[in-house]
Amino acid sequence: MALKSDLEQLYNLKVNPFDPKATYNEQKQPVYVREMFGDQWKDFLCKFVVAPLQNGHPVIGAVWSVVQGDPKARGFGKSTLMGEEAKLINSDFGKSTLMQLGISEEDALENPILAGYVSFNVSGYGGISSINAAAFHLVRFLLRDGTVHTRLREMAAAKLISDGKATPGNEDVAIVNALKERIRKLATPIDVRNLLDEYLMNLASEDTDKLEQFLADEVGTWHHDRNGLKYLQIFVILGELAGIEHFTFFIDQVEDFTSVSGAGKIQKNVKMIRDALIESEPFSSRASFVFQLHPDAYEKLRDAWEAEELPSLNQDDELNSPVVVVLKGLTQFANAKVLAERFLNDPKFATALHKGITPFTEKALQLVWKSTKPKPRDYLRALHALLRLATDQKIATIDEDFVKPKIERIITSVQQEEQLDLVEDHRLA
Amino acid sequence: MVAAERKLTDTLPRASIRQILDVVRSIAAEGRASFDEVRVTLVRSAARKAPASLDAKWTTARDILAELQRLGYVVGDGIPRQKAEVSRLRLSVFEITDTGQKLAQKYKDSPSYALDEFFQVWLRQHAYFRAFIARLLQSPIYVPDITSLKELGGYRVGQESPESVATRVADSCTQRLTTVGTSGDKPHVLTQTILDRFAALATEVVLASLDAKALVDAIQDRVVIPAFLAAEGLQFDGVTFQHLVKASQEFFVASWTSSHPDFAGRVIFSTCDVEPAPSVGDDSQQGYHLSHHGRSYAAALFESALTAAYERLARSSSAYVSAYALRALVCVELRIQPLVFSACLEHLMRDHPEASGLAIYTEIPFEPPPKSEPYVEVGKSHSRVGRLKISAS
């Protein structure tokens, strides 16, 4: 039996629950606290999930975080919100999400939905730096849940059987035929040969592991950087066959794409957004795309975006409010408190003996929140630093007296602030 | 005729203004110092450390001591004129004068006032500096730098005759100057001098043997800058010109930018008013009144200048615009330092957002500023701004 750590002895915590970086990692996010967004998570889902179902029109939307005069308006939880809500939707085809938004169980069951999340990144070879690569990785995200593919296949097979197009035992062939038939009817049919043909077979099969293995091992970077959209199109067609009413795809870190792309590449990819994502089937009738935007990315996209006559996603134009969400961060202490409490009591971090917000006192949390608001990332980083300090000094309770003398230094290191040296130079006065 | 009638002569120390004043202060501390002590002071305070040697920084020490002697701040004998003399004259002693002592005290108590005082001394005593400031106070100086072969419209090394390259250089420079309203004899003088200097260069160097960087350097240093100075009627060489620009920045009486949207090159502009206007002739007894364009000067003008510059760059859209281009427009328009721009922007964003009725959104920079220009920074945390958007709040 291992020795109890100081954290466990002092606070009934297995490890420090707060991440020192507090940046989103889709595959490692330990705790998701929707309440940290106040009511904005509802606004987000209503605009990008419910509205397309209600209106019958997919949307092109954007999630922003901008604060007047703050060029570093990051760390507001945009990635967390997009990635984690997508996972929640996929866990039951959107049933609980829709019901939490006031939709009846019957309607929720009749309108199954799925969501995908992908983040551009510039990690060299294998990085995600084009719409094709992003589309391919949206498929990988949808499969990562482990059950989405199986359930989709079952629903598609059941529908084909009830339509008399399949008999039990030959569902795979029937699904492949149905997919190919739908592909043939597309205005711009997909040339299904070689790897794509194999993909179709794997998609129709009930073996999700084999499908995932195929996508990971057989489909190389070179291929999916040029054909990724086709993989997503075919997946959406399978969803259509299974009765999925709507897909919402979240595309994160657009600035990582624009910062490494020249005007030509931006133009080509924006053209793809219009031609493939908005104007062509199967996306045009059932897929919404939501981009995470920052000013630099948006400005670099702007010329191409306007040239393709895509809808404006400007965050401060009220005409865009139906398709734009601007995250405000932790504006209420109650939300900040819930955020800390959920991390501190998550079974991954806390023993069964842990209770409430201990070792923090409410006033201490309030002080940290006031000093870091509205950025959840700074708040979580500060909590990490304080808990680490308290453990090191074997302090049982992290109260106001403990926090007060340290908070300024902690915030400085969290935000990497330096002092302004615009000193008493009369020439500048 | 653009060129000045009288031939000016002057000698400027190859040292920064801060180095000169640091030496005054170090000599004043003990009342006297040897040549070697001055040299060591310069080695210790250098940002870029010279390799440890017994004669590192000796030319800077030589220039500064000669300058201080000429201006009456120190007295002494035995400044080495050649490297071979350094060893023999290492212990030559220089003593501070009363004037030097006063300047050192002022520099210690209030560096910015000491720099203003020293500016006036330079204005009276250095003909080149006076000519440069006099020209700068009239209007911004546009320097049509050639920094890349791209500016020569696709010229490929070794595939064109020198005459053809010279014409390309002349066309590139004059076209850019014409866009900012340069007229009169200047374009003609510039073109002719470029052609003449290029012909001279071509007789000395086989241009086809130079790689792209060496060719650009040769064109810039030996053709464009001398031709530009001739067109402006400024009678000093390119190295002195660079030095004058740097000294003016240290005095906070001028600044420059290469981010101005109207001009592909450097725009050098004054950031002060001087009364009476300096003249090119002998002004060694003249007293001047210097007014810097600081925050108090810019306060009343900044908001409208910023808004106008933003509207120009955004061209009626509500786009985020380059903070570097925006700063260049505002700084040249108001003749203010980049630090004053930052302070005014900060004031508008944080202290008086309601009063201004403007909502200012900022974005971190994804591209560095042009070489040698500072980032646009705001706030106590020096938050860097790369793009900026203004709308009515």
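These remarks concern the structure in this document. Just so you know, these numbers come straight off a predicted model, no measurement behind them.

This paragraph deals with the overall build of chain A. When helices and strands are counted, chain A shows 19 helices and five strands. The C-alpha radius of gyration of chain A comes to 24 Å, within 12% of the 22 Å expected for a compact globule of 429 residues. Across its three principal directions, the C-alpha atoms of chain A cover 75 × 65 × 40 Å. Of all 429 residues assigned to chain A, the portion counted as buried reaches 54%. Expressed as a percentage of contacts within chain A between residues at least 6 apart in sequence, the contacts between residues at least 24 apart total 75%. Surface accessibility of chain A: about 19,100 Å² in total, with carbon and sulfur atoms responsible for 49%. Across chain A, the 50 positively charged side chains and the 62 negatively charged ones have centroids separated by 3 Å.

Here we come to the interface of chain A and chain B. Contacts between the two partners involve 31 residues from chain A, matched on the other side by 41 residues from chain B. Together chain A and chain B conceal approximately 3,200 Å² of surface at their shared face, both sides included; 53% is due to carbon and sulfur atoms. Three residues, Pro71, Arg427 and Leu428 of chain A, lead the burial of chain A against chain B; their summed loss comes to 24% of the area buried on that side. Where chain A touches chain B, the interface holds four salt bridges.

What follows concerns empty space enclosed by the protein. Any empty space left between atoms is shown by rolling a water-sized probe over those atoms. Summed over the entire model, instances satisfying the criterion amount to three cavities of 30 Å³ or more. Lining the largest cavity are Ser255, Trp256, Thr257, Phe269, Arg327, Ala328, Cys331, Pro338, Glu373 and Pro374 of chain B. Every element with two or more residues in the lining of the largest cavity is listed here: strand E5 (254–257) and helix H13 (323–334) of chain B. Considering only residue class, the lining of the largest cavity consists of six nonpolar, two polar and two charged. Roughly 50 Å³ of volume is contained in the second largest cavity. Lining of the second largest cavity is provided by Phe120, Ile131, Val254, Phe257, Asn269, Val270, Ile273, Phe291 and Leu301 of chain A.

This next bit is on the nonpolar core. Soluble globular proteins tend to pack their nonpolar side chains together in the buried interior. Counting residues in hydrophobic clusters, the biggest one holds 148 residues, and the most contacted among them are Tyr199, Leu215, Tyr231, Phe235, Phe289, Phe291 and Tyr379 of chain A. Val86, Ala114, Ile194 and Val330 of chain B belong to the second largest nonpolar core, which has 124 residues in total.

Let us look at the side chain of asparagine 16 of chain A. All names here are of chain A. With respect to the helices and strands, the residue asparagine 16 is situated in the loop between helix H1 (6–11) and helix H2 (40–55). A polar contact is formed between the side chain of asparagine 16 and the backbone oxygen of histidine 384, at a distance of 3.2 Å. Those residues within four positions of asparagine 16 in sequence are excluded, and the remaining contacts are Leu7, His384, Leu387 and Arg388.

Turning next to the packing of aromatic side chains. Two measures describe an aromatic ring pair: the distance that separates the ring centres and the angle between the ring planes. All chains considered together, the criterion is met by 29 aromatic pairs over all chains. Ring geometry for phenylalanine 18 of chain A and phenylalanine 343 of chain A: centres 5.7 Å apart, planes at 35 degrees, overall tilted. You can see phenylalanine 18 of chain A sitting in the loop between H1 and H2 and its partner phenylalanine 343 of chain A sitting in helix H16 (residues 333–345), a full 325 residues away along the chain. Pair check on accessibility: phenylalanine 18 of chain A and phenylalanine 343 of chain A agree, each one buried. With 5.7 Å between their ring centres and 80 degrees between their planes, phenylalanine 119 of chain B and phenylalanine 129 of chain B make a pair best called edge-to-face. Of the two residues, phenylalanine 119 of chain B sits in helix H6 (residues 111–125) while phenylalanine 129 of chain B sits in helix H7 (residues 127–138), which places them 10 residues apart along the sequence. The exposure classification of phenylalanine 119 of chain B matches that of phenylalanine 129 of chain B, with both residues buried. Among the aromatic residues, those joined into a ring-pair cluster are Tyr73, Phe118, Phe119, Trp122, Phe129 and Phe251 of chain B. Note that lysine 406 of chain A overlies the ring of phenylalanine 402 of chain A, its terminal NZ or CZ placed 3.9 Å from the centroid.

Hydrogen bonds between backbone atoms are what pair the strands of a sheet, whose relative direction is either parallel or antiparallel. Residues and elements named next belong to chain B. The strand order across the open sheet formed by three strands is E4-E6-E5, and the pairing between neighbours is antiparallel. Whereas interior strands pair on both sides, the edge strands pair on one side only; in this sheet they are strand E4 (141–143) and E5. For this sheet the average axis-to-axis angle between neighbouring strands, irrespective of direction, equals 20 degrees. The pairing of E4 with strand E6 (residues 266–270) spans three bridges and is classified as antiparallel. Its bridge partner being in E6, valine 143 is matched across the sheet by arginine 266. Where H7 meets the sheet, its contacts fall on E4, E5 and E6, and the angle it forms with E6 comes to roughly 95 degrees.

Rules of the game
- Residues numbered from 1 in each chain as written.
- Chains lettered and ligands numbered in written order.
- Predicted model: local features only at pLDDT ≥ 70, side-chain atom pairs only at ≥ 80, totals over all residues.
- Heavy atoms only, no water.
- Helix = DSSP H or I, 4+ residues; strand = E, 2+ residues; numbered from the N terminus.
- Rg over C-alpha atoms; globule rule 2.2 N^0.38 Å.
- Buried < 20%, exposed > 50% of the residue type's maximum accessible area, 1.4 Å probe, protein only.
- Contact = heavy atoms within 4.5 Å.
- Areas by Shrake-Rupley, 256 points an atom, 1.4 Å probe, with all protein chains shown as cover.
- Lys, Arg positive; Asp, Glu negative; His and termini not counted.
- Charge placed at Lys NZ, Arg CZ, Asp CG, Glu CD.
- Buried area = accessible area lost by both parts, 1.4 Å probe.
- Salt bridge = Lys/Arg side-chain N within 4 Å of Asp/Glu carboxyl O.
- 1 Å grid on protein atoms, 1.4 Å probe; cavity = no way out; pocket = protein on both sides within 12 Å on 5 of 7 lines; lining within 4 Å.
- Points joined across faces, edges and corners; volume = space filled by probe spheres on them.
- Nonpolar A, V, L, I, M, F, W, Y, C, P; charged D, E, K, R; others polar.
- Core = buried A, V, L, I, M, F, W, Y, C linked by side-chain atoms within 4.5 Å.
- Polar contact = N/O pair within 3.5 Å; in protein donor to acceptor, adjacent residues only side chain to side chain.
- Phe/Tyr/Trp six-rings, centres within 6.5 Å; stacked < 30°, edge-to-face > 60°.
- Lys NZ or Arg CZ within 6 Å of the ring centre and 35° of its normal.
- Pairing = 2+ DSSP bridges.
- Axes fitted to C-alpha atoms, helices over the stretch in contact; angles between N-to-C directions.

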